[in-house]
Amino acid sequence: MGLFKRAATVVESRVNKLLDKLEDPNATLDLSYEKMIDGLQEMKASLADVVTEQKQLEVQIARVERDMADREEEAKTALKMGREDLAQAALERKHQLSSQLEPLKQALERITAQAERLKDAERKLEDRIHAFKTQKEVTKATYNASKAEVKVGESMSGISKSFGGVGDSLQRAQDKAEQMQARAAAMESLAEEGILEDPLDKRDNVQKELDQIKQQSAVQDDLERLKKEMENKQ
């Protein structure tokens with residue numbers, strides 16, 4: 001029986017060490033931070049693609065407008081030379097170009113709005129990453145200090161061998177609880193920032209943007225009011 005007991009103790013010790021390694025909050029936090037950085041880089045790449053399309057549309061619009069102006073100048077020159085037929089042909093080409101201009105402008109408007117949304121999302125994600133980095137370092141420092149304190153306490157008390165399994169289980173449970181609390185806080189923060197969709201919020205994107213505009217307008221009105229109050233006091 002003594003042999004089986006020792007074998008069970010060895011197996012339990014190895015399992016506990018493996019679990020501690022797999023559940024190391026330091027590694028988990030670092031991995032989460034790296035994933036957030038990767039997500040930010042992907043967002044920047046998408047934004048760069050959208051801005052590139054925006055610039056290309058601007059170039060196309062400028063070229064069409066320039067060609068339209070050239071056709072009008074050609075029409076004027078033809079009229080001066082008494083060639084009304086050529087002037088009419090030049091103006092017809094101008095109006096053909098004009099029909100291309102409106103779709104390009106509509107596309108530019110959509111792309112510009114998309115680029116602004118991506119820029120806003122990028123700023124929010126960067127703020128979230130900075131906040132997460134600070135929280136990560138604080139959590140890691142707290143965990144490492146607590147872990148060192150536990151090891152010292154076990155060594156001084158001499159109970160680490162007989163109750164090590166219980167202590168490890170409790171530590172893992174506490175770590176899991178803290179991680180779950182951190183995840184709940186992160187989900188709440190992301191929902192408040194609008195990055196996660198709220199299933200109870202039935203507003204569509206248009207209504208959300210309208211509400212945001214109202215809020216920005218209210219803030220601007222307050223700012224103007226404060227400026228006037230300060231000017232009146234001077």
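Remember, predicted model here, so these are calculated numbers, not experimental data.

(A) Broad picture of the overall build of the chain. Along the chain, the regular secondary structure elements total five helices and zero strands. Secondary structure elements of the chain occur, N-terminal to C-terminal, as α-α-α-α-α. Residues counted as buried form 17% of the 234 residues belonging to the chain. Nonlocal contacts in the chain, meaning residues at least 24 apart in sequence, comprise 82% of its contacts between residues at least 6 apart. Roughly 17,800 Å² of accessible area belongs to the chain as shown, and the carbon and sulfur atoms make up 56% of that amount.

(B) Summary view of the packing of aromatic side chains. Counting across every chain of the model gives zero aromatic pairs. Over the ring of Tyr 33 we find Lys 136, and its NZ or CZ is 5.1 Å from the ring centre.

(C) Geometry of the side chain of Glu 122. Mapped onto the elements, Glu 122 comes out in helix α3 (residues 84-157). Non-local contacts of Glu 122, meaning those with residues more than four positions away in its chain, are made with Leu 40, Met 43, Lys 44 and Leu 47.

(D) Geometry of the nonpolar core. Core analysis: the largest hydrophobic core is formed by 12 residues, namely Val 50, Leu 57, Ile 61, Val 64, Met 68, Leu 97, Leu 101, Leu 104, Ala 107, Leu 108, Ile 111 and Ala 115. Among the elements of the structure, α2 (25-80) and α3 are those that each provide at least two residues to this core. No other element matches the seven residues that α3 contributes to this core. Among all residues touching Val 50, those that are not within four sequence positions of it are Ile 111, Gln 114, Ala 115 and Leu 118. Of all hydrophobic cores here, the second largest spans seven residues; its members include Met 36, Leu 40, Leu 125 and Phe 132.

(E) Up close: the pattern of salt bridges. According to the stated counting rule, one finds 13 salt bridges in the structure shown. Put simply, Glu 58 and Lys 55 hold a salt bridge, and the shortest N to O gap is 3.7 Å. Separated by three residues within a single helix, Glu 58 and Lys 55 lie in helix α2, roughly one turn from each other. Linking Lys 94 and Glu 72 is a salt bridge whose minimum nitrogen-to-oxygen distance equals 2.6 Å. Note that Lys 94 is positioned in helix α3 and Glu 72 in helix α2, a separation of 22 residues in sequence. Here Glu 72 falls in the partly exposed class, since its relative accessible area comes to 30%.

(F) Broad picture of the side chain of Arg 71. Note on placement: Arg 71 falls in helix α2. Judged by its relative accessible area of 17%, Arg 71 falls in the buried class. Apart from the residues lying within four places of it in its own chain, the contact partners of Arg 71 are Ala 90, Arg 93, Lys 94 and Leu 97.

Thresholds, definitions, all that
Note on numbering: residues in each chain are counted from 1, in written sequence order. Reporting of local features is limited, given that this is a predicted model, to residues whose pLDDT is at least 70; pairs of side-chain atoms are given and counted only at 80 or more, and all residues count toward the totals for whole chains, interfaces and linings. Derived side-chain values reflect all non-hydrogen atoms in the structure, with water molecules and hydrogen atoms excluded from consideration. Strands are runs of DSSP state E lasting at least two residues, helices are runs of H or I lasting at least four, and both sets are numbered from the N terminus onward. Between buried and exposed lies partly exposed: a residue is buried under 20% and exposed over 50% of the maximum accessible area for its type, with that area taken using a 1.4 Å probe on protein chains only. Residue contacts are counted whenever heavy atoms from the two residues lie within 4.5 Å of one another. A 1.4 Å probe and the Shrake-Rupley method give the accessible areas. Residues count as covered only by the protein chains that appear here. Two aromatic rings, drawn from Phe, Tyr or Trp (for Trp, its six-membered ring), form a pair once their centres lie within 6.5 Å of each other, and the interplanar angle then sorts them: stacked below 30 degrees, edge-to-face above 60, tilted otherwise. Lysine NZ or arginine CZ positioned within 6 Å of the ring centre and within 35 degrees of the ring normal marks a charge as sitting over the ring. What we call a nonpolar core is a set of buried Ala, Val, Leu, Ile, Met, Phe, Trp, Tyr and Cys residues that are connected through their side-chain atoms within 4.5 Å. Salt bridge, as used here: a side-chain nitrogen of Lys or Arg that lies within 4 Å of a carboxyl oxygen of Asp or Glu.

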